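Coordinate analysis (summary)
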Amino acid sequence: MILPILSYGNQILKKKCDEIDSSYPNLKNLIQDMWETMYNAEGVGLAAPQIGKSIRLFIIDTSPFDNAEFEKETGFEVGSLKKTFINPIISNESGENKTLEEGCLSIPNIREKIVRKSKIKITYHDENFNIISEEYSGIIARVIQHEYDHIEGILFTDKISPFKKKIIKNKLQNIMVGKVDVDYFMKYVK
């Protein structure tokens, strides 16, 4: 089932999310609905708070970035990873600082350059609640960091300069009240 994606300004997007356990109600269905919602919106990641659930869960599929042209244009190591992350903890961010334009399904039609570390170490539960610890780099690390920020109550617009924020203020206000053109189901603050 395709779920509405919450728009910028919804307070759930600014909350640090709660851990869950394997008894969380209808978890498998929720994860399936998140995949359907993300693909319908043509996203590469979706965090539970974006669909109104204040829980530490996100999904990613970086396959749209897995091509030589993207790597050549951006200088980012590419790779394809489709995964569910439950109760993740990024224990280390390392490597060089890399800048890339980011966007967000909750903040449509706005893209800004964001600086992030190029490598991460993350420990999480998969959808079967197996504990996994892995290291990622390049575009995969970046997408994970973006989604991880969501479950920490951080949006990519929180990482831009006050000057840039001032420039996009009206666009953000319009997103909050639904004055934005999107091809997917959104729930606005109004």
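Our structure is the block above this text.
The following paragraphs examine the structure supplied in this document. What you see is a predicted model, and the numbers here were worked out from it, not measured in a lab. The numbers attached to residues start from 1 for each chain and follow its sequence in the written order. At least 70 in pLDDT is required for a residue's local features to be given in this predicted model, at least 80 for side-chain atom pairs to be given and counted, and no such filter applies to totals for whole chains, interfaces and linings, which use all residues. As a rule here, side-chain values cover all heavy atoms of the structure and leave hydrogens and water aside.

**Thoughts on helix H3 (residues 138-151)**
The line we're drawing: For the purposes of this entry, the term helix denotes a DSSP run of H or I that reaches at least four residues, the term strand denotes a run of E that reaches at least two, and both are numbered from the N terminus. Helix span, expected: 1.5 Å multiplied by one less than the number of residues in the helix. Note on classification: 1.4 Å probe, protein chains only; a residue is buried when its accessible area is under 20% of the maximum for its type, exposed when over 50%, partly exposed between these limits.
Taking 1.5 Å of rise per residue, 14 residues should cover 20 Å, and H3 covers 21 Å from first to last C-alpha, within 8% of that figure. Counting buried positions over the 14 residues of H3 gives 14, a clear majority of the element. One or two positions beyond H3, positive phi appears at Gly-153, with a value near 80°.

**A few points about the layout of surface pockets**
Put simply, the test is: With a 1 Å grid spanning the protein atoms alone, the term cavity applies to any set of points in which a 1.4 Å probe fits but cannot get out, the term pocket to an open set with protein on both sides within 12 Å along at least five of seven lines, and the term lining residue to any residue with an atom within 4 Å of a point. Grid points are joined across faces, edges and corners, and a volume is the space filled by probe spheres set on the points. Note on residue classes: Ala, Val, Leu, Ile, Met, Phe, Trp, Tyr, Cys and Pro are nonpolar, Asp, Glu, Lys and Arg are charged, and everything else, Gly too, is polar.
The computed volume of the largest pocket comes to approximately 430 Å³. What lines the largest pocket is a set of 24 residues, among which Val-44, Glu-102, Gly-103, Cys-104 and Arg-111 lie closest to the centre. Among the elements of the structure, strand E4 (82-104), strand E5 (107-125) and H3 are those that each provide at least two residues to the lining of the largest pocket. Here the residues of the lining of the largest pocket are counted per class, giving twelve nonpolar, six polar and six charged.

**Some words on the pairing of strand E6 (residues 131-137)**
Regular strands place their side chains on alternate faces of the sheet. Note the cut-off: When DSSP locates at least two bridges between a pair of strands, those strands are taken to pair.
Note: E5 against E6, seven bridges, orientation antiparallel. Looking across to E6, one finds that Tyr-124 is bridged to Ile-132.

**Looking at the packing of aromatic side chains**
Within a pair of aromatic rings, the relevant descriptors are the distance that separates the centres and the angle that separates the planes. Rules: Between 30 and 60 degrees the pair is tilted, below 30 it is stacked and above 60 it is edge-to-face, where a pair is any two Phe, Tyr or Trp rings, Trp via its six-membered ring, whose centres lie within 6.5 Å. Consider the ring centre and the ring normal. A charge sits over the ring if Lys NZ or Arg CZ is within 6 Å of that centre and within 35 degrees of that normal.
Taken as a whole and judged by the stated rule, the model has four aromatic pairs. Positioned above the aromatic ring of Trp-35, the side-chain terminus of Lys-82 is 4.9 Å from the ring centre. Of note, Lys-98 hangs over the ring of Phe-76, and the distance from its end group to the ring centre comes to 5.1 Å.

**Section: the nonpolar core**
Defined as follows: Buried Ala, Val, Leu, Ile, Met, Phe, Trp, Tyr and Cys residues form a nonpolar core when they are joined through side-chain atoms within 4.5 Å. It only takes one pair of heavy atoms within 4.5 Å for two residues to be counted as in contact.
Core analysis: the largest hydrophobic core is formed by 35 residues, its most contacted members being Leu-27, Met-34, Leu-46, Leu-57 and Ile-107. Elements that contribute at least two residues to this core include exactly helix H1 (27-40), strand E3 (57-61), E4, E5 and helix H4 (162-177). At six residues, H1 tops the list of elements feeding residues into this core. Every residue in contact with Met-34, bar those within four places of it in the chain, is listed here: Leu-46, Ala-47, Ala-48, Ile-51, Leu-57, Phe-58 and Ile-59.

Interpretation in functional terms is not warranted from these geometric data alone.
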